[in-house]
Amino acid sequence: MIINHNITALNTHNKLSSASSAQSKSMEKLASGLRINRAGDDAAGLAISEKMRGQIRGLDQASRNSQDSISLIQTAEGALNETHDILQRMRELSVQSANDTNTTDDRTEIQKEYVQLRDEVNRIATTTEFNTKKLLNGDAGNKVTFSTNTNLEGASASVDSIVAGSYAITTTTAAERATLAGTAAVVNGDVTTGGAKSVTINGTAINFNATAGDATATRASFITAVNNANIGVVASETAGTLSLNSDDYGSSESVSVTANADSAMLHLTADATTNRSDAGVDVAGTIGGVAATGVGRTLTATSGNAIGLKVTLTGAAASATAGVRGSVDVTKNELTSHIGANQGQVMSINIGSMAATDLGIHNLNLTSQSGAEAAITALDSATKQVSGERSKLGAYQNRLEHTINNLKTSSENLTAAESRVRDVDMAKEMMNQTKNSILAQAAQAMLAQSNQTPQGVLQLLR
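Caption draft 1: A look at the overall build of the protein chain. Secondary structure summary: the protein chain contains 9 helices and 19 strands in total. Out of the 462 residues belonging to the protein chain, those deemed buried represent 39%. Counted over contacts in the protein chain with a minimum sequence separation of 6, partners at least 24 positions apart contribute 69%. Entry remark: accessible area of the protein chain is about 23,500 Å², with carbon and sulfur atoms responsible for 50%. Counting 36 positive and 44 negative side-chain charges, the protein chain places the averaged centre of each group 17 Å from the other.

Caption draft 2: Summary view of the sheet that holds strand β9 (residues 233-238). Read from one edge to the other, the open sheet built from 3 strands follows the order β6-β10-β9, with strand pairing classed as antiparallel. Unpaired on one side and paired on the other, β6 (177-181) and β9 mark the two borders of the sheet. When the angles between neighbouring strand axes are averaged without regard to direction, this sheet yields 20°. Contacts from helix α4 (residues 215-228) reach β9 and β10 (241-249), with the element oriented near 160° to β9.

Caption draft 3: Structural context of helix α3 (residues 104-127). With 24 residues, α3 extends 35 Å between its outermost C-alpha atoms, agreeing within 8% with the 34 Å of an ideal straight helix rising 1.5 Å per residue. Taken together, the buried positions of α3 are occupied by Arg107, Ile110, Gln111, Tyr114, Leu117, Arg118, Val121, Ile124 and Ala125. Residues of α3 that are buried in the fold lie against α2 (43-97), α7 (356-359) and α8 (369-422).

Caption draft 4: Broad picture of the packing of aromatic side chains. Tallied over the entire structure, the rule returns 1 aromatic pair. With a centroid separation of 5.3 Å and an interplanar angle of 75°, the aromatic rings of Phe208 and Phe222 are classed as edge-to-face. In this pair, Phe208 is assigned in strand β8 (residues 204-210) and Phe222 in helix α4, connecting sequence segments 14 residues apart. Here Phe208 and Phe222 have matching classes, each one buried.

Caption draft 5: Examining the environment of Lys384 more closely. Within the secondary structure layout, Lys384 lies in helix α8. Counting along the chain gives 184 residues from Lys384 to Thr200, while the straight-line C-alpha distance between them is 34 Å.

Caption draft 6: Examining unusual backbone geometry more closely. Backbone geometry at Asn202 places phi at a positive 50°, although glycine is not the residue there. Along the chain, Asn202 falls in the loop between β7 (195-201) and β8. The partly exposed category is assigned to Asn202, whose relative accessible area is 26%. Despite not being glycine, Asn230 has its phi angle at roughly 55°, a positive value. Relative to the helices and strands, Asn230 is located in the loop between α4 and β9. Overall, Asn230 belongs to the partly exposed group, its relative accessible area being 40%.

Caption draft 7: Spatial organisation of the side chain of Asn245. Relative to the assigned elements, Asn245 resides in strand β10. Side chain to side chain, Asn245 and Thr179 meet in a polar contact 2.8 Å long. Residues in contact with Asn245, not counting those within four places in the same chain, are Arg177, Ala178, Thr179, Gly232, Val233, Val234, Ser236 and Val255.

Caption draft 8: The sheet that holds β8, seen in detail. Spatially, β8-β7-β11-β12 is the arrangement adopted by the 4 strands of the open sheet, whose pairing is antiparallel. Each edge of the open sheet carries a strand with a single partner, namely β8 and β12 (276-279). Taken pair by pair, the neighbouring strands of this sheet meet at an average axis angle of 25°, ignoring direction. By the bridge criterion, 7 bridges tie β7 to β8 in an arrangement that is antiparallel. The residue bridging Gly195 from the neighbouring strand is Ala210, located in β8. Against the sheet, α4 engages β7 and β8, with an angle of about 150° to β8.

Caption draft 9: The arrangement of the packing of α2 against α8 in detail. It is at 7 Å that the axes of α2 and α8 come closest, and there the two elements cross at 165°. As far as their axial angle goes, α8 and α2 are roughly antiparallel. Two packed elements cross with a definite hand, and for α2 against α8 that hand is left-handed. Looking at the contact of α2 with α8 residue by residue, the classes come out as 26 nonpolar, 22 polar and 12 charged.

Caption draft 10: Examining the pattern of salt bridges more closely. Tallied over the full model, the rule gives 16 salt bridges. One salt bridge connects Arg53 with Glu50, and the closest N-O pair in it is separated by 3.9 Å. Taken together, the residues span about one helical turn, with Arg53 and Glu50 both in helix α2 at a distance of 3 residues. A salt bridge links Lys134 to Glu129; the nearest nitrogen and oxygen atoms lie 3.2 Å apart. Within the structure, one salt-bridge network assembled from shared partners comprises Glu50, Arg53, Glu418 and Arg422.

Caption draft 11: Summary view of the packing of helix α1 (residues 7-32) against helix α9 (residues 426-452). At their nearest, the axes of α1 and α9 sit 8 Å apart, and the two run at 155° to each other. Here α1 lies roughly antiparallel to α9, going by the angle between them. Once α1 is placed against α9, the crossing between them reads as left-handed. Tallied by class, the residues present in the contact of α1 with α9 amount to 13 nonpolar, 13 polar and 3 charged.

Caption draft 12: Molecular detail of the environment of Asn131. With respect to the element layout, Asn131 can be found in the loop between β1 (129-130) and β2 (133-134). A relative accessible area of 66% places Asn131 in the exposed class. Linking Asn131 and Asn99, residues 32 residues apart in sequence, is a C-alpha distance of 46 Å.

Calculation rules
Just so you know, the residues in each chain are numbered from 1, in the order the chain's sequence is written. It should be noted that, the model being predicted, local features are given only for residues of pLDDT at least 70 and side-chain atom pairs only at 80 or more, the latter also being counted only at that level, while totals for whole chains, interfaces and linings use all residues. Excluding hydrogens and water, the side-chain figures rest on all heavy atoms present in the structure. Helix and strand definitions follow DSSP, with helices as H or I runs of at least four residues and strands as E runs of at least two, each counted in order from the N terminus. Note on exposure labels: buried denotes an accessible area under 20% of the residue type's maximum, exposed denotes more than 50%, and partly exposed covers the range between, all computed with a 1.4 Å probe on protein chains only. By definition in these notes, contact holds between two residues if any of their heavy atoms fall within 4.5 Å. We get accessible surface area from the Shrake-Rupley algorithm with a probe of 1.4 Å; when it comes to residues, only the shown protein chains can shield them. Lys and Arg are tallied as positive, Asp and Glu as negative. Neither His nor the chain termini are counted. For this purpose, a charge sits on NZ of Lys, CZ of Arg, CG of Asp or CD of Glu. At least two DSSP bridges between two strands are needed for those strands to be called paired. Axis definition: a line fitted to C-alpha atoms, limited for helices to the stretch in contact. Angles are taken between N-to-C directions and run from 0 to 180 degrees. In this analysis, the expected span of each helix is defined as 1.5 Å times one less than the number of residues it contains. Stacked, edge-to-face and tilted are the three classes for Phe, Tyr and Trp ring pairs, Trp counted by its six-membered ring, which pair at centre distances within 6.5 Å; planes under 30 degrees apart are stacked, over 60 edge-to-face, the rest tilted. Pairs of N or O atoms within 3.5 Å make up the polar contacts considered here, provided that, within protein, one atom can donate a hydrogen while the other can accept it, and that residues adjacent in sequence are counted only when both atoms are side-chain atoms. Any angle between 65 and 115 degrees counts as roughly perpendicular, while under 35 counts as roughly parallel, over 145 as roughly antiparallel, and the rest as oblique. By the definition used in this description, the sense in which the near helix is turned from the far one sets the handedness, with an anticlockwise turn below a right angle giving left-handed and a clockwise turn giving right-handed. Note that Gly is not counted as nonpolar here; it falls among the polar residues with everything else outside the nonpolar set of Ala, Val, Leu, Ile, Met, Phe, Trp, Tyr, Cys and Pro and the charged set of Asp, Glu, Lys and Arg. Put simply, a salt bridge is a Lys or Arg side-chain nitrogen that is within 4 Å of an Asp or Glu carboxyl oxygen.

What follows is the structure, encoded as structure tokens:
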């Protein structure tokens, strides 16, 4: 028998310590609801769990980002709704002014309302903002500037996929108006009889008065009649020779004269039986070294880095047969919406400028019948442009709504996966805690018994 070392008590104490430690851990897990409370509980599981937590919180924030982006888009789209209403009223005024029942004073009053509406379009474009960010003044879209602007009249870049950079504009085929020049100068001897005359141009009868023996007065009467007819043809004369030109460039423009005695008298046709006609030519060229599509005097990039870039050339540049006509710089100022948990998971939101100048309605003139007619076409184009912008914003919003649904689903599934790694099974841990509690109590009882073992030595001393 020994009393210096109570091996039984030591062994029992070790068991008690182990049971107490296990019980403590079980109670900690039950209290926190987590299987992993520290790295020592499961080192690999902790690392995996923390990565999952980062992804979950990133997905949740990306969902909130997407919601904020939808709010921004709705703000811009709501403003454009009012711009649409203004454009419709402008068009209504143009149709009203185009009617010749109006006097000059009436059209002046109509013009006053148009000016106020135009200024409101500009105000909407310059003041619409979200969280102090301007939305419709071009700051949220592709910005187009001219590096060399002497030959370029206008440029726009509304396609999201365009790459920022500088693009040289070249022409290989000149844009041309449809043109018919008189076969000879009209002289006094050609105007042998005066009175009412008529020449059919582009299918429209142009009525004018001839003055016998006075070629100058006859030409002036004809030119005035053509230019007031609003048939897309402009008449002029040089040294007694009459010329007819379409008022715009391109293959869609044409000038035709139906032969009769009056057209032959003006030398617009060679005789009274031979009709004459001519069609315009579209410009051809490249943007950034890549062949572009030409319509009239406008080039549009349909491939390459500049896809979507549209440039209109001035008359001088359009009529040049070849060579560099200038260059255009495109700066991408589009907004970036971060819609994922990781780097680079973004979408771009491009909102073009909706100012009157960019819509092509800044200088409409409703004070004349011809100006009002031209305004109708310009406003139709502006309405189409605003409709396109609103359609694009609607597409952005629909995409973001699907993005939010996907983010929520991903977050839910990843949360479930993280829970399986980190959360404790409460029922199972209750079993462990109960077992460890009983073992600890039993060990305490046995330790008390073990501590009594050395008492047997006292029996030898009696």
